[in-house]
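As a plain string of letters, each chain reads:
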Amino acid sequence: VQLQASGGGLVQAGGSLRLSCAASGRTFSNYVMGWFRQVPGKEREFVAGIAWIHGSTYYTDSVKGRFTVSRDNAKNTVYLQMNSLKPEDTAVYYCATPRMALGPIRVGVNEYHYWGQGTELTVSS
């Protein structure tokens, strides 16, 4: 399984950006996809997740109403649309997926077994 995250960059506070994560190596639609982020010196934290096929979603409180996770199963790609960005959203963002198919969205880092390489977002004030 390979995950390739992209789309990071520098954006001003209040701006928007969309991250993408392209997956390969298995039937994409059967698996939860998650987005995490990490700031140097801090633990990696869950941001958003989207369930398999039917696409139910879950967000950490700090991004609710601002971020939207979606997936295109035909393109094997998951997206994270980020609006109303704040300086505290600055981090390296990772996409990830668990080993087991058809499971619920989980928020623990240890629940995800395959990770993309990370894409960096910097939000300037």
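Residues numbered from 1 in each chain as written. Predicted model: local features only at pLDDT ≥ 70, side-chain atom pairs only at ≥ 80, totals over all residues. Heavy atoms only, no water.

1. Examining the overall build of the chain
Quick note on the threshold: Helix numbering and strand numbering both begin at the N terminus, where a helix is a DSSP run of H or I of at least 4 residues and a strand a DSSP run of E of at least 2. Radius of gyration here is computed from C-alpha atoms only, and the compact-globule reference equals 2.2 Å multiplied by the residue count raised to the power 0.38. Burial classes follow relative accessibility: with a 1.4 Å probe on protein chains only, a residue under 20% of its type's maximum area counts as buried, one over 50% as exposed, and anything between as partly exposed. Under the convention used here, a 1.4 Å probe and the Shrake-Rupley method define accessible areas, while residue burial counts only the protein chains that appear. None of His or the chain ends enter the tally, which takes Lys and Arg as positive and Asp and Glu as negative. Charged groups are reduced to one reference atom each: NZ for lysine, CZ for arginine, CG for aspartic acid, CD for glutamic acid.
Of the regular secondary structure elements, the chain holds zero helices and 11 strands. Listing each helix as α and each strand as β along the chain from the N terminus yields β-β-β-β-β-β-β-β-β-β-β. Taking 2.2 N^0.38 as the reference for a compact globule, 125 residues should give roughly 14 Å; the C-alpha atoms of the chain span a radius of gyration of 13 Å, in line with that estimate. Seen along its three principal axes, the alpha-carbon backbone of the chain occupies a region of about 40 × 30 × 25 Å. A buried classification covers 39% of the 125 residues belonging to the chain. Within the structure as shown, the chain displays about 6,400 Å² of accessible surface, and the carbon and sulfur contribution to it stands at 47%. Computed over 12 positive and 8 negative side-chain charges, the inter-centroid distance for the chain is 6 Å.

2. Side note on the pattern of salt bridges
Stated precisely, the cut-off is as follows: For this document, the term salt bridge refers to a Lys or Arg side-chain nitrogen within 4 Å of an Asp or Glu carboxyl oxygen.
Applying the stated criterion across every chain yields a total of five salt bridges. Close ionic contact of Asp89 with Arg37 constitutes a salt bridge, the shortest N to O distance being 2.9 Å. With Asp89 in the loop between β8 (77-82) and β9 (91-97) and Arg37 in strand β4 (residues 33-38), this pair connects stretches of sequence that are 52 residues apart. Residue Arg106 pairs with Glu111 through a salt bridge whose shortest N-O separation is 3.8 Å. What makes Arg106 partly exposed here is its relative accessible area of 42%. Residue Glu111 is classed as partly exposed on the basis of its relative accessible area of 37%. Salt bridges sharing partners connect three or more residues here, namely Arg37, Glu45, Arg66 and Asp89.

Scope: geometric values only; no functional claims are made or implied.
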